[in-house]
Amino acid sequence: MTELQIHLENVQQAAAKIRAAGGDRTPKIAIVLGSGLGGLAAKVENPVVLSYGDLPGFPVLTVAGHAGKLLVGSLGGVPVIVLNGRKHFYETSDAYPLKTMIRALKSAGVEALFLSNAAGSLRPHIGVSELMLITDHINFLGLNPLVGPNEAEFGPRFVPMSDAWDPALRAKVKAAAQANGITLHEGVYVAFRGPSFETPAEIRMAQGWGGDAVGMSSVPECILARHCEMQVVGVSCITNMGAGLSDEKLSHEHTIANATEGAAAFERLVIAAVQAF
Ligand code: HPA
């Protein structure tokens, strides 16, 4: 079998397992939990839990703080799929695990993808443990998950990226934040490949580009979801100021600890927002 044939089969099999786990619930929303934001998984009502290991072609995870579980259940009574853990492009340049994950969700009936991540702030007014709604992104990964022959089964060769972060869903998330007294900044997310954190010079460059936060994820997921015409919305949980903007020493442990601090507001926001989607 060719790589594409294996991929197509993995997508079909994983989607069938996700559909079966849902029973008569067919979630139209999937939520991808970022580093330190896994606590939302515990809020899922009546969950059926699948391990990524049981889903053909799904990522095999290596980063601490990423569990590798897919839950089908509901949040605030709304059927959802929650993905706790994903593969980053600092671990591999193989896009297939991520492609399988996103396309299996699409095949299982998901229409909207809610992405989340831990990120560093580029702006003094966007503080640690606060949330930022992603309005747009800059792909500075040096990679695009759609490089290679186009897999036309899923979408077109050239994918428009204006309004990649869906304006209508963004308005709903903003309204949910307002109604619940949650501070929600808005801004442009710049994706660096990592795994090293940025240098202060790189942070100044990203500020000059018009970026508001930096991180190492979510952009590949967004591109793949737009390719297969899923709507995308996303929130960054600010875990630190970008390198050189404060005296903090950056580390993964620091990211997880501060994400956990912002997690309560993140959880309330997602639960309120999905009820309005
Ligand atoms: N840079 C990149 N990724 C991150 C950061 C950061 O400052 N904080 C959390 N994830």
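All of these numbers come straight from a predicted model, not from anything done at the bench.

### Remarks on the overall build of the protein
(1) Moving on: The secondary structure content of the protein amounts to six helices and nine strands.
(2) Moving on: Over its C-alpha trace the protein gives a radius of gyration of 17 Å, about what one expects of a compact globule, namely 19 Å for 277 residues.
(3) Moving on: In terms of overall dimensions, the protein has a C-alpha envelope of 50 × 40 × 35 Å along the principal axes.
(4) Moving on: Counting across all 277 residues of the protein, residues that qualify as buried make up 54%.

### Concerning the environment of A164
(1) Moving on: Tracing the chain through its elements places A164 in the loop between β6 (131-140) and α3 (167-179).
(2) Moving on: For the pair formed by A164 and I203, sequence separation is 39 residues and the distance between their alpha carbons is 24 Å.

### What about the pairing of strand β1 (residues 29-33)?
Note on strand geometry: in a regular strand, side chains alternate between the two faces of the sheet.
(1) Moving on: The element β1 is largely enclosed, with a buried count of five among its five residues.
(2) Moving on: Residues of β1 alternate between two faces, with I29, I31 and L33 on one and A30 and V32 on the opposite face, all of them buried.
(3) Moving on: As defined by bridge partners, β1 adjoins strand β5 (residues 112-121) across four bridges and the pair is classed as parallel. By the bridge assignment for β5, I29 is matched with A112.

### Examining the packing of helix α1 (residues 3-22) against helix α2 (residues 96-107)
Relative orientation and spacing of two packed helices are given, respectively, by the angle between their axes and the distance between those axes.
(1) Moving on: The N-to-C vectors of α1 and α2 enclose an angle of 45°; their axes lie 8 Å apart at closest approach. Relative to α2, the element α1 lies oblique. The two elements α1 and α2 meet at a crossing, and its hand is right-handed. Across from E3, H7, N10, V11, Q12, A14, A15, I18 and R19 in α1, the residues of α2 making contact are Y96, K99, T100, R103, A104, L105 and S107.
(2) Moving on: Partitioning the contact of α1 with α2 into residue classes produces seven nonpolar, five polar and four charged.

### Some words on the site of the ligand
(1) Moving on: The environment of the ligand is made up of A118, A119, G120, F197, E198, V214, G215, M216, T239, N240 and T255.
(2) Moving on: Note that a nitrogen atom of the ligand is positioned 2.7 Å from one of the side-chain N or O atoms of E198.
(3) Moving on: The separation between a nitrogen atom of the ligand and a polar side-chain atom of N240 is 2.7 Å.
(4) Moving on: The protein chains hide 96% of the 260 Å² of surface that the ligand would expose on its own.
(5) Moving on: Judged by the proximity of its atoms to the pocket grid, the ligand belongs to the largest pocket.
(6) Moving on: Only β5, β8 (213-215) and β9 (231-241) provide two or more residues apiece to the shell around the ligand.
(7) Moving on: By residue number, the principal contributor to the shell around the ligand is β5, which donates three residues.
(8) Moving on: A per-class count over the shell around the ligand returns five nonpolar, five polar and one charged.

### Observations regarding α2
(1) Moving on: Taking 1.5 Å as the rise per residue, α2 with 12 residues should run 16 Å; its terminal C-alpha atoms sit 16 Å apart, in good agreement.
(2) Moving on: Across the 12 residues that make up α2, a large majority, 10, are buried.
(3) Moving on: Among the residues of α2, Y96, P97, L98, K99, T100, M101, I102, R103, A104 and L105 are the ones counted as buried.
(4) Moving on: Against α1, β1, β3 (69-75), β4 (78-84), β5 and α5 (219-227) lie the buried residues of α2.

What counts and how
Residues numbered from 1 in each chain as written. Predicted model: local features only at pLDDT ≥ 70, side-chain atom pairs only at ≥ 80, totals over all residues. Heavy atoms only, no water. Helix = DSSP H or I, 4+ residues; strand = E, 2+ residues; numbered from the N terminus. Rg over C-alpha atoms; globule rule 2.2 N^0.38 Å. Buried < 20%, exposed > 50% of the residue type's maximum accessible area, 1.4 Å probe, protein only. Pairing = 2+ DSSP bridges. Axes fitted to C-alpha atoms, helices over the stretch in contact; angles between N-to-C directions. Parallel < 35°, antiparallel > 145°, perpendicular 65-115°, else oblique. Left-handed = near helix turned anticlockwise from the far one by under 90°. Contact = heavy atoms within 4.5 Å. Nonpolar A, V, L, I, M, F, W, Y, C, P; charged D, E, K, R; others polar. Near = heavy atom within 4 Å. Polar contact = N/O pair within 3.5 Å; in protein donor to acceptor, adjacent residues only side chain to side chain. Areas by Shrake-Rupley, 256 points an atom, 1.4 Å probe, with all protein chains shown as cover. 1 Å grid on protein atoms, 1.4 Å probe; cavity = no way out; pocket = protein on both sides within 12 Å on 5 of 7 lines; lining within 4 Å. Sits in = over half its atoms within 2 Å of the grid points. Expected span 1.5 Å × (residues − 1).

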